[in-house]
Amino acid sequence: SQNPAPSKCVGPEYRSSNEKPTATVSTEVSYENVHILPQTPQLIALLTMIRDKNTNRADFIFYSNRIIRLLVEEGLNHLPVVEHTIKTPVGRSYSGVKFEGKICGVSIMRAGESMEQALRECCRSVRIGKILIQRDEETAKPKLFYEKLPEDVAERWVLLLDPMLATGGSALMAVDVLKSKGVPEDHILFLNLIASPEGAQNFAAKFPKLRVVTAFVDQGLDEKNYIVPGLGDFGDRFYTM
Ligand code: URA
């Protein structure tokens, strides 16, 4: 399955289009619960680095971490805040907001673990759970092999971490696991680097109250269910190549 690749002039609005280069940008989707990061020159340059097959492992990690940081920062904007007024050192008051509620991260192993560091950098001493789902050799269906979640996960907002959303099989099963532990669907935020259109659609259709924050919706999947144009196997490139 392949969508035509949308291309757009990339750069700030105040520049005319002949001053801006053209690049392939994210496919747009019409699901209210799927949020795509703004297609800024920085984001497109970072994605270009990690998609490049000639990018070495150290650079792949560095530039992936920058994108993941953007995803975490945007994801946190979807959590509730309450009014909070403080006094500044010069004796004035400032009416601001503060976070309300407890959060935790849940990474889908192995690739999702690459997103834990950025979450820790943004949320001090955040609890992080793990879920391992792999394809069952006999049935070829995703199977839950392992889960370790905070005991009070049902009372927390959950940031579910997985960089690549291909068919969505593992991520959908991970959400089923979280819901079976009592986490309300609308307290789950799925953070993702690159999604396929079918993965995004499967998610939006099955869990309309869950929010997806992704950096990019790509063109489609190839016959091996790799995302295209994609970046190959994220876990291999982050952990081993
Ligand atoms: N997982 C990956 O690492 N890459 C893909 O393209 C799809 C799933």
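Predicted model only: the values in this text are computed from it and were never measured.

**What to know about the overall build of the protein chain**
Argument step 1. Secondary structure summary: the protein chain contains 6 helices and 14 strands in total.
Argument step 2. On C-alpha atoms alone, the protein chain measures out to a radius of gyration of 19 Å, which is about the 18 Å that the 2.2 N^0.38 rule sets for 241 residues.
Argument step 3. In terms of principal-axis extent, the alpha carbons of the protein chain reach across some 60 × 55 × 35 Å.
Argument step 4. By residue count, 33% of the 241 residues in the protein chain fall in the buried class.
Argument step 5. Of the contacts made within the protein chain by residues no fewer than 6 positions apart, 60% connect residues no fewer than 24 positions apart.

**Some points on helix H4 (residues 169-180)**
Argument step 1. Helix length check: H4, at 12 residues, gives a terminal C-alpha distance of 17 Å against a target of 16 Å (1.5 Å per residue), a fit within 8%.
Argument step 2. Every buried residue belonging to H4 is among Ser 170, Ala 171, Ala 174, Val 175 and Leu 178, and all of these are buried. Each buried residue of H4 sits inside an arc of 140° when the element is viewed along its axis, so together they form one side.
Argument step 3. Positive backbone phi, at 100°, marks Gly 182, one or two positions downstream of H4.

**Remarks on the pairing of strand S4 (residues 81-87)**
Argument step 1. With 0 of 7 residues buried, S4 lies mostly on the surface of the structure.
Argument step 2. One ladder, built from 7 bridges, connects S4 with strand S5 (residues 93-99); its direction is antiparallel. Bridge pairing in S5 links His 84 to Gly 96.

**So, the pairing of strand S8 (residues 142-148)**
Argument step 1. In this structure, strand S7 (residues 127-135) lies alongside S8, joined through 6 bridges in antiparallel fashion. Along S8, the bridge assignment pairs Ile 133 with Leu 144.
Argument step 2. Hairpin remark: S7 followed by S8, antiparallel, with 6 residues in the connecting loop; positive phi at Ala 140, about 65°.

**Quick look at the UniProt feature "domain: Phosphoribosyltransferase" (unreviewed entry) in the protein chain**
Argument step 1. Here, UniProt's "domain: Phosphoribosyltransferase" (unreviewed entry) annotation points to residues 38-239.
Argument step 2. Regarding residues 38-239, the helix share stands at 33% and the strand share at 32%, and the terminal C-alpha atoms are separated by 28 Å.

**Observations concerning the site of the ligand**
Argument step 1. The environment of the ligand is made up of Ala 111, Met 164, Ala 166, Tyr 226, Ile 227, Gly 230, Asp 233, Phe 234 and Gly 235.
Argument step 2. The class makeup of the residues in the shell around the ligand is 6 nonpolar, 2 polar and 1 charged.

**Things to note about helix H5 (residues 197-206)**
Argument step 1. When H5 is considered as a whole, its buried residues turn out to be Gly 199, Ala 200 and Phe 203. Projected down its long axis, H5 shows its buried positions confined to an angular sector of 95°, all on one face.

**So, the nonpolar core**
Argument step 1. Counting 58 residues, the largest nonpolar core has Leu 71, Val 158, Leu 160, Ile 188, Phe 190 and Leu 191 as the members making the most contacts within it.
Argument step 2. It is strand S11 (residues 188-195) that provides the largest number of residues to this core, a total of 7 residues.
Argument step 3. If we ignore the near neighbours within four places in the chain, the residues touching Ile 188 are Val 158, Leu 160, Val 175, Leu 178, Val 183 and Leu 210.

Calculation rules
- Residues numbered from 1 in each chain as written.
- Predicted model: local features only at pLDDT ≥ 70, side-chain atom pairs only at ≥ 80, totals over all residues.
- Helix = DSSP H or I, 4+ residues; strand = E, 2+ residues; numbered from the N terminus.
- Rg over C-alpha atoms; globule rule 2.2 N^0.38 Å.
- Buried ≥ 20, exposed ≤ 12 C-beta atoms within 10 Å, placed from the backbone.
- Contact = placed C-beta atoms within 7 Å.
- Expected span 1.5 Å × (residues − 1).
- Arc of directions from axis to C-beta.
- Pairing = 2+ DSSP bridges.
- UniProt positions renumbered as here; feature names shortened; annotations may be inferred.
- Near = placed C-beta within 6 Å.
- Nonpolar A, V, L, I, M, F, W, Y, C, P; charged D, E, K, R; others polar.
- Core = buried A, V, L, I, M, F, W, Y, C linked by C-beta atoms within 7 Å.

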